[in-house]
There are 2 protein chains.
Amino acid sequence: MIISKEQKKPALTGDFKQFIYHFGPKGSKGSAKMKDLLGGKGANLAEMSRMGLPVPPGFTLTTALCDLFYQNGETLPKELFPEIEKSLSQLENLMEKRFGDPKNPLLLSVRSGAPLSMPGMMDTVLNLGLNETTLEGLIKHSGNPGFAWDTYRRFIQMYSDVVMGMNASLLEVYLEDYKNQKGYQSDTDMKVEDWQKTVRQFKETILQDTGKLFPEDPKEQLWSAISAVFKSWNNPRAIVYRQMGGNNHKAQGTAVNVQAMVFGNRGEDCATGVVFTRNPSTGEKSLFGEFLVNAQGEDVVAGVRTPQPILNGSGTGGAKDLRALMPETFDELSELCRYLETHYKYIQDIEFTVEKKKLWLLQTRNGKCSAKAQLKIACDLMDEGLLDEKQTLARLNPTLLEKLLHPSIDTKGEKTVLARGLPASPGGAVGQIVFSSAEALELSRQGRKVILVRRETTPEDINGMISSQGIFTTRGGMTSHAAVVARSMGKPCIVGCEEAQINEDTKELKFKTAVLRAGDVFTLDGTTGEVLKGAVSTKPAELNKDFFRLMALADKYSRMEVRANADTPADVKKSREFGAKGVGLCRTEHMFFAPDRLNIMRQMILSEDKEERQPFLDSLFSMQKKDFQELLDVMNGYPVTIRLLDPPLHEFLPHTDEDIENLVKECGWSSDRLTAKVNQLRETNPMLGHRGCRLAITCPEIYLMQTRAVAAAAAQLKKEKKNPCPEIMIPLVALPSELKILKSLIQVELKKAEEEFQVSLPIPVGAMIELPSACLQAGKIADEARFLSFGTNDLTQTTLGLSRDDSGKFLASYINQELMERDPFHQVDQNSVGELMKIALKSCHEKPVKMGICGEHGGNPESIRFFHKIGLHYVSCSPYRIPVARLSAAQATLEEK
Amino acid sequence: MIISKEQKKPALTGDFKQFIYHFGPKGSKGSAKMKDLLGGKGANLAEMSRMGLPVPPGFTLTTALCDLFYQNGETLPKELFPEIEKSLSQLENLMEKRFGDPKNPLLLSVRSGAPLSMPGMMDTVLNLGLNETTLEGLIKHSGNPGFAWDTYRRFIQMYSDVVMGMNASLLEVYLEDYKNQKGYQSDTDMKVEDWQKTVRQFKETILQDTGKLFPEDPKEQLWSAISAVFKSWNNPRAIVYRQMGGNNHKAQGTAVNVQAMVFGNRGEDCATGVVFTRNPSTGEKSLFGEFLVNAQGEDVVAGVRTPQPILNGSGTGGAKDLRALMPETFDELSELCRYLETHYKYIQDIEFTVEKKKLWLLQTRNGKCSAKAQLKIACDLMDEGLLDEKQTLARLNPTLLEKLLHPSIDTKGEKTVLARGLPASPGGAVGQIVFSSAEALELSRQGRKVILVRRETTPEDINGMISSQGIFTTRGGMTSHAAVVARSMGKPCIVGCEEAQINEDTKELKFKTAVLRAGDVFTLDGTTGEVLKGAVSTKPAELNKDFFRLMALADKYSRMEVRANADTPADVKKSREFGAKGVGLCRTEHMFFAPDRLNIMRQMILSEDKEERQPFLDSLFSMQKKDFQELLDVMNGYPVTIRLLDPPLHEFLPHTDEDIENLVKECGWSSDRLTAKVNQLRETNPMLGHRGCRLAITCPEIYLMQTRAVAAAAAQLKKEKKNPCPEIMIPLVALPSELKILKSLIQVELKKAEEEFQVSLPIPVGAMIELPSACLQAGKIADEARFLSFGTNDLTQTTLGLSRDDSGKFLASYINQELMERDPFHQVDQNSVGELMKIALKSCHEKPVKMGICGEHGGNPESIRFFHKIGLHYVSCSPYRIPVARLSAAQATLEEK
């Protein structure tokens, strides 16, 4: 167990009743607000009980007990047993059945449920309480031996897997072989004798594989199942899932829900299913989901049989829908959906079971949706009066906006459709076929883009899904594991494409018209469900009115301004579309790397003196002037912060002998001279070397050329009656004296330009604050600056002494071993970098200087919240993160109030 | 002008009298305490006037006027002129002569004099006021035409050089040629006619070279000379000298002293000389110095004629001494020396002139001495009751102690004496011959050791002297430029070796028995004056009782403890001798670079897994155990802080193809595997990479092996009834969590060792604080640590974003352009690194953790003062800096009180 060990230490003595919360027809003392203690499932079962909804009764063992369990060496404290027995009797009384009763046995489900939703990652045991004796009772009481045997074998399969650590595939393979031998198509073809044989064989296999007899005692079953579910909190896939989720990595363990079983597998008037109150892919307001007649819940989710739709047209094709098949149940379900959604003010994802026409709700939770759907639903709920503006802004996770901007398949381009499946998660993905998660991981580590192709995915595939561009399955429905997880990851996904066949031995994926092999590239259009041949071109996302509405709303409430880190006219244009209020960081060096400019830059660098250097500077001047003019024109009226040359000169130079020879040919200098100069410029730690404003201290000509180019571009635009607003930013300032001397050089140059062009050029000069030294002397630096912009990338590197280029090798270990909560290059480290920023801001308090940030953290919601809190005026981030930043800035402002 | 522009802005209007301070027989309102305003020379002339000593009267123009001069565009304000005229008349009245009087003209000296002593760096004009008319007056009044003409030509030479910017060598060469033509040996052979011809030729040459007539108007001469002296504050050699001096770089300009001339060149009963009140080379209490009969002052200092000793046996050999030649003057001078030394409580360096048997004092100042002499004199003055203990400690510059420790020539070794010269500055120097300062600079930049060989040095040689190991001249005496400057630099120096001959054309240095050529290596023994053939071996300095007395005194008064940075038994032993109270930094990685260990280390690093790695770790364990045992034994009873492995592993690996092949042969792995691993470990910014405790987070085995080695070594010594005190230090801690996890691993290992060896091993674990992040979280880190030691080297690199390996290229520009005061790797940057240290200390306030510093700054006096002030408990520095640190720590404590 993780931090909770320290955070809360429940006493091992005392009132063990505190660990148990009941729910059911008598209501509950729990509620939806108690997710931390009861887990999401438990809290919502309690809430539904309070609301008087048809929930099978049961009780929740809290996350505090989970904690105690781990403290107690992964065993349940003995003192708990009598309390659970008391709870069991209450359940028996309500259900009018007895646990372990040979005549009319009470069966239980034992399900995990953590505070954060972790679909399928932890374990569940259904139908618990069956043994040779109670089976007879179930047969007699239900009058349905087939149902009873099916239920028994299900229990044995799940229990042996979850509790006894049995290799589950042994039983699956046996069952599959048995059916094949008999020529059965499906489980429903199995007769009582078949099940009897199967169960006998199951038990034997279990004994052989685990060395243990399958337990007969229902209470032993219950204790062991509860322990197993608690243990599943720390199974590898649950850990990976939490790491992916990020913030909730340290959540407080899982609760366990012990609930009376209701049966969807008792016959043709029984069913089990999943329903979303709206369409989680498009956001459309229409019930969406799937069900299976005569089945138990895991059949739907696991994608073992392709289920029928709740409502036709809402996803899965032709089959009869619930409305047609069970109209009364459909109406009742619709009513409950409406009621739950109004109550929770959020799209709900509901599990239900129909037993002999009686509808039971087994779970409700906020539905995981595609980004587009989340946005639409939030706007719709606002229009429906369920949410006000602030609530709408507050509930959306800012990162979903980035997903909205991902490109989709260009429908106008040429394409060959290989097959159609269910459009489970929208967007376009192009990649090489891989048939296993291991391969997906391996190839993606090599920098390849892959699409994971599986019959169906299971929680074990979590790492493979993370590593893939998209997911494709031949089985499963719109609420299958693959579909749900892909949507929550924002990855394109097509499921249930039954016309395609996977051959794992030959590593082939067969369509009607083509066969693809491992490594072949193909394309998924998760929006339409089309599987496309080869790499199909993608197009930028089209932003809809919901997006612009939300963005306008965000700007209405946020205090901080959002600018873009953008260097090209295309990027600057894009960032205007995404609502940037200016450019916060234009990296001029990127302009020198263009092939036609690089050799000029090289010759400029390699010149021996000013005179030799001048013609190259002149050429670069013309190019930069043109660059700046374009950028300023696109951002007309908004500030464009132009950072003068930053990287070490060595980065521009040729490094291989061949490159040097090529340059020799072009510039006519001797290769000895070039090699010597290149070697002379090589640095041990270039990050801490001769770069940024240090270049200008030793050789001011480059900065002066860039200043002239900015001035000339602005002057030109002013003459065209435009409103260019350039700002000049000096990088890597460590000392107040550096800014002072460079500012005065730049101002002299600007003055000259004003005289030459006869226009006023009031161009502010500021500094990039990216060294601890600069933070510690920010007040003095501010005296020379009109603005200061934190460069949190380099500031993170220097503050933590951590090279971004080199830390990949060990940062993962740091996060795995919980030495760090997050990658500090992703989310600003508040304990170190954040402290320095606070020191800097304090020393600039009440000085007339604008303060911003232009590192990668400018697009990270958590960091933006911090930047708001410490009082920055603006954040600047890459174009595709601008919407994220705008929403985060709004949320930060709202949180403050 | 430098900072004073901003610091003080004297009004251009108002009382101009304030800029002039008189001195002479009527006393002075100035005093020795007013050095900042009057310069050293002016303040001491004022002080001597107050004391009633025979000082030619005059007045001092203050440094505030220098400031005004620079503000006023390098011209004297007109309002000053009437004030100077008033002062002139006072002087005329005192001297009973008139300035410009054709009958009995008053002549003046115009001399620079800054608050800090800059011997010979700025300019002086003597004999000012002579022209065709006053010359006649001087001839008549003195009755000595030879003297008058000599005086006139001296004036013309100096004035044309200093004021008119004339190339001085033109006149020198003419005079030299003239004397050769006539067969004259010396200036005293020149007759009136010769001087007349010479003066005529001088004036013509001046007209040709400068385009200006030599000025006849004495007042014009005076104004121009004053301006020229003010300007000489910023001549290149003065700037270099101040930079070398360091702290006083920003001193406040120079004063100008206008003083009535007295003449040492009026005949055989006249003389001029320099006397030290004690021997500045050995510290012996005996007058020491030189004089020339019938000469003016610059003849002695410039080394043009080899002068006679004040007292035989005190340096310069056989010639008749002042006591023999002018016994009355000698007695009077002795008396005045005693009086001045008692007054100033410091060895005095006095300029005097005898004019017709009348003794005049022209200057007194604290004498520059060799380190040994400074120490001896300080101790002697304490014994003589002139200083108390605290005064003795406070007056010594700590860096001189380092010079004391420099090795000297091993007198027992074989040696061939080529010649003997004057032992001007003690110590042994070995190097290649260079014949010019330019060569010295060039070769020393290439890392070569050189000895500068010159006929005599001039202030232009300052850079060459800085670059050389030692200085050798064939001319000049013990107070010549070369001798004075070398002593103040602590560089071995031999002067006046007249038996050697320099041929600059053939670049040869001829001795009686050998000819050396440029580039040949030879040796100077500055202690004995012996010039030795080839490279003679040196031996460690022998420390005398004065040294130990002073060190004991320092420890008596200092609060901070001094430890050593030392990795080998030899270094540890040395640091004990120098008084270290423990080892503050033992860099264990140095032990792995030994040739017999490197390949084991390499194989350990290149192992694929724990199993393969173990045998190499076992080998390294035995070696480290032995290392630690030796160190702990030498430091028995004192703490030894052992830093676990710090550098990136890549540093240990072979880098060239050849090295890799050699390793392939030794370890039998494929070269592909080795190359791949080497490449994999290569880093873009190794300083910020996978090193320090990060290595242990990903691969704890190395730290555990080192911990076992420390424990085993300590256990062994304990069994021998010794008292080993190891401490384990974790490098590059950025986060509290790192120390927490590693400390607990180490403690488990120590616990195991205690059980195995059956001894208690209470070994404290601490962290090196060398990243900004660690400073900002020091309080939390301290909760896990028994001690924290600032690693100010890396802390400087990260705080300023400045790679020590790469910053050489531009740091010089920073210091030249005054963007930084000092090299931050030499003296801790208080504005940035210092701020972080303060933050760290504040957060550790009242926590039970010992705080020290173990970067290079631990041996820098200014930094040590800062470390004391912020409250560190100890500093640790390299062995040879320990005495410096001990004295600095004492001074810091004394300053506080």
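As the structure is a computational prediction, the values presented were derived from the model and not from experiment.

So, how was this worked out
- Residue positions are counted from 1 within each chain, in the order its sequence is given.
- Chains and ligands are labelled by the order in which they are written, letters from A for the one and numbers from 1 for the other.
- For a predicted model such as this one, the threshold for reporting local features is a pLDDT of at least 70, and the threshold for listing and counting side-chain atom pairs is 80 or more; totals across whole chains, interfaces and linings nevertheless cover every residue.
- As a rule here, side-chain values cover all heavy atoms of the structure and leave hydrogens and water aside.
- Helix and strand assignments come from DSSP, with helices taken as H or I runs of at least 4 residues and strands as E runs of at least 2, each series counted from the N terminus.
- Radius of gyration here uses only the C-alpha atoms, and the compact-globule reference equals 2.2 Å multiplied by the residue count raised to the power 0.38.
- Only protein chains enter the accessibility calculation, which uses a 1.4 Å probe; a residue whose area is less than 20% of its type maximum is buried, one above 50% is exposed, and one in between is partly exposed.
- Whether two residues touch is decided by their heavy atoms; if any such pair falls within 4.5 Å, the residues are in contact.
- Exposure was quantified through the Shrake-Rupley algorithm and a 1.4 Å probe, taking into account, for residues, occlusion by the shown protein chains and nothing else.
- Only four residue types enter the charge count: Lys and Arg as positive, Asp and Glu as negative, with His and the chain ends excluded.
- Charged side chains are reduced to one point each, which is NZ for Lys, CZ for Arg, CG for Asp and CD for Glu.
- In protein, a polar contact requires one atom able to donate a hydrogen and another able to accept it; more generally it is a pair of N or O atoms within 3.5 Å, and residues adjacent in sequence count only if both atoms are side-chain atoms.
- Note on pairing: two strands pair once DSSP finds at least 2 bridges between them.
- Each copy is superposed on the other by least squares, with the fit set by C-alpha atoms of residues at a pLDDT of at least 70 in both.
- Take the accessible area each of two parts loses on contact, using a 1.4 Å probe, and add the two losses: that sum is the buried area.
- Salt bridge, as applied in this entry: a Lys or Arg side-chain nitrogen positioned within 4 Å of an Asp or Glu carboxyl oxygen.
- Here, the term nonpolar core denotes a set of buried Ala, Val, Leu, Ile, Met, Phe, Trp, Tyr and Cys residues that are joined through side-chain atoms within 4.5 Å.
- By this rule, a helix spans an expected 1.5 Å times one less than how many residues it contains.
- This arc corresponds to the set of directions leading from the helix axis out to the C-beta atoms.
- Structural elements are reduced to axes, namely lines fitted to C-alpha atoms, with helices fitted over the stretch in contact, and the angle between N-to-C directions of any two is expressed from 0 to 180 degrees.
- Aromatic contacts are taken between Phe, Tyr and Trp rings whose centres are within 6.5 Å, Trp giving its six-membered ring; a plane angle under 30 degrees counts as stacked, one over 60 as edge-to-face, and the others as tilted.
- Residues enter patches when their relative accessible area tops 30% and they take part in no salt bridge; the joining distance is 9 Å for like charges and 5 Å for the nonpolar side chains Val, Leu, Ile, Met, Phe, Trp and Tyr.

1. Considerations on the overall build of chain A
Check the secondary structure of chain A and you find 35 helices and 33 strands. Its C-alpha atoms give chain A a radius of gyration of 32 Å, within 12% of the compact-globule value 29 Å for 897 residues. Residues classed as buried in chain A amount to 61% of the 897 residues present. The long-range fraction of contacts in chain A, counting pairs at least 24 apart against all pairs at least 6 apart in sequence, stands at 69%. Approximately 34,700 Å² of chain A is accessible, and the part contributed by carbon and sulfur atoms is 48%. Each charge class in chain A can be summarised by its mean position, and for the 112 positive and 115 negative side chains these summaries are 4 Å apart.

2. What to know about the side chain of Arg613(B)
Residues and elements named next belong to chain B. If you trace the backbone, Arg-613 turns up in helix α23 (residues 610–634). Classification of Arg-613 by relative accessible area gives buried; the value is 11%. A distance of 3.3 Å separates a polar atom in the side chain of Arg-613 from a polar atom in the side chain of Glu-701. If near-sequence neighbours (up to four positions away) are discounted, Arg-613 is found in contact with Met-604, Ser-607, Cys-699 and Glu-701.

3. Let's talk about the pairing of strand β2 (residues 58–61) of chain B
All names here are of chain B. Residues of β2 alternate between two faces, with Gly-58 and Thr-60 on one and Phe-59 and Leu-61 on the opposite face, all of them buried. Pairing of strand β1 (residues 20–23) with β2 involves four bridges; the strand directions are antiparallel. Bridging from a neighbouring strand, His-22 pairs with Phe-59 of β2. Inspection of the sheet shows β2 paired to strand β5 (residues 255–260) by four bridges, in the antiparallel sense. Note that in β5 the partner of Leu-61 across the bridge is Val-256.

4. As for the sheet that holds strand β10 (residues 308–309) of chain A
Hydrogen bonds along the backbone pair up the strands of a sheet, which may run parallel or antiparallel. Residues and elements named next belong to chain A. Read from one edge of the open sheet, five strands run β10-β9-β8-β11-β12, paired in antiparallel fashion. Bordering the open sheet on either side are β10 and β12 (358–366), each of which pairs with just one other strand. With two bridges joining them, strand β9 (residues 288–293) and β10 adopt antiparallel strand pairing. Bridge assignment links Glu-290 to a residue of β10, and that residue is Pro-309.

5. A few points about the relation of the copies chain A and chain B
Of the transformation superimposing chain A on chain B, the axial component is 0.2 Å and the angular component is 180°, with the fit at an RMSD of 0.2 Å. Viewed as a symmetry operation, the transformation between the two copies matches a two-fold axis. A shared binding surface is used by both copies, with 100% of the interface residues of chain A retained as interface residues in chain B.

6. Thoughts on the interface of chain A and chain B
Contact with chain A, which involves 49 residues of that partner, is made by 49 residues of chain B. Between chain A and chain B, a total of about 4,100 Å² is buried, with carbon and sulfur atoms accounting for 58% of that surface. Sorting the residues of chain A by area buried against chain B places Leu688(A), Lys809(A) and Leu819(A) first, and these three jointly supply 15% of that buried surface. Our enumeration of links across chain A and chain B arrives at zero salt bridges. For the interface between chain A and chain B, the tally reads 20 residue pairs in polar contact (both at pLDDT 80 or more). Those elements that provide at least two residues to the side of chain A that touches chain B are α25 (671–681), α26 (693–698), α28 (736–757), α29 (772–776), α31 (792–800), α32 (808–816) and α33 (830–844) of chain A.

7. Some thoughts on unusual backbone geometry
One non-glycine residue with positive phi stands out, namely Lys721(A), at about 65°. Of note, Lys721(A) is situated in the loop between α27 (701–719) and β29 (725–730). Overall, Lys721(A) belongs to the exposed group, its relative accessible area being 77%. Phi angles above zero are rare outside glycine, and Glu846(B) is one such case at about 70°. Among the secondary structure elements, Glu846(B) is positioned in the loop between α33 (830–843) and β30 (850–853).

8. A closer look at the nonpolar core
In terms of nonpolar packing, the biggest core is built from 265 residues, with Ile730(A), Phe790(A), Ile730(B), Leu788(B) and Phe790(B) touching the most fellow members. Counting residues per element, this core draws most heavily on α27(A), which supplies 11 residues. Dropping the residues within four chain positions of it, Phe790(A) is found in contact with Ile769(A), Cys775(A), Leu795(A), Met837(A), Ala840(A), Leu841(A), Met851(A), Gly852(A), Ile853(A), Cys854(A), Gly855(A) and Leu872(A).

9. Thoughts on helix α20 (residues 545–557) of chain A
All names here are of chain A. Relative to the 18 Å expected for 13 residues at 1.5 Å per residue, α20 spans 19 Å between its end C-alpha atoms, a close match to the ideal helical length. Taken residue by residue, α20 has Asp-546, Phe-547, Leu-550, Met-551, Leu-553, Ala-554 and Tyr-557 as its buried positions. Along the axis of α20, the buried positions cluster into a sector of 160°, meaning they face one direction only. Residues of α20 that are exposed and angled more than 90 degrees away from the buried face: Lys-545 and Lys-556. Looking at the buried side of α20, the elements it contacts are α14 (371–383), α15 (389–395), α16 (399–404) and α35 (882–896). Its side-chain oxygen 3.1 Å from the backbone nitrogen of Asp-546, Asn-544 forms the N-cap of α20.

10. Regarding the side chain of Thr63(A)
Among the secondary structure elements, Thr63(A) is positioned in helix α3 (residues 63–71). Reaching out from Thr63(A), the side chain makes a polar contact with the backbone oxygen of Asp36(A) at a distance of 2.7 Å.

11. A short note on the sheet that holds strand β27 (residues 583–587) of chain A
All names here are of chain A. Sheet architecture is closed into a barrel: eight strands sit in the order β26-β27-β28-β29-β30-β31-β32-β33, paired in parallel fashion. Neighbour to neighbour, the strand axes of the sheet diverge by 30° on average, direction disregarded. For strand β30 (residues 765–769) and strand β31 (residues 787–790), the ladder comprises three bridges, and the chain directions are parallel. Pairing of Ala-767 across the sheet is with Leu-788, part of β31. Sitting on the sheet, helix α23 (residues 610–634) is in contact with β27, β28 (639–643) and β29, with an inclination near 150° to β28.

12. Here's the deal with the environment of Leu649(B)
Tracing the backbone shows Leu649(B) in the loop between β26 (639–643) and α24 (657–667). By relative accessible area, Leu649(B) is classed as buried at 15%.

13. Brief notes about the packing of aromatic side chains
All names here are of chain A. A full pass over the atoms with the stated rule returns 40 aromatic pairs over all chains. Judged by centre distance (5.6 Å) and plane angle (85°), the ring pair of Phe-155 and Phe-214 falls under edge-to-face. Here the residue Phe-155 occupies a position in helix α6 (residues 145–162), and Phe-214 occupies one in the loop between α8 (192–210) and α9 (218–231), the gap between them amounting to 59 residues. The class for Phe-155 is buried, based on a relative accessible area of 0%. Classification of Phe-214 as buried rests on a relative accessible area of 7%.

14. Details of a positive patch on the surface
Taken together, the side chains of Lys182(B), Lys191(B), Lys197(B) and Arg200(B) present a region of like positive charge at the surface. Counting through the fold element by element, Lys197(B) comes out in helix α8 (residues 192–210).

15. Description of the environment of Asn723(B)
Residues and elements named next belong to chain B. Structurally, Asn-723 is set in the loop between α27 (701–719) and β27 (725–730). Look at Asn-723 and you get partly exposed, because its relative accessible area is 41%. Measuring from C-alpha to C-alpha, the distance between Asn-723 and Trp-149 comes to 80 Å, with 574 residues separating the pair along the chain. If near-sequence neighbours (up to four positions away) are discounted, Asn-723 is found in contact with Asn-636 and Gly-637.

16. Comments concerning the pattern of salt bridges
By the definition in use, this model includes 105 salt bridges over all chains. Note that Arg278(B) is salt-bridged to Glu384(B), the shortest N-O span being 2.7 Å. On the criterion of sequence distance, the pair formed by Arg278(B) in the loop between β6 (271–276) and β7 (288–293) and Glu384(B) in the loop between α14 (371–383) and α15 (389–395) is long-range, its members being 106 residues apart. Arg278(B) sits in the buried class, given a relative accessible area of 0%. One salt-bridge network, held together by shared partners, links Glu589(A), Arg643(A), Asp646(A), Arg691(A) and Asp794(A).

The values reported here are purely geometric and, on their own, carry no functional implication.
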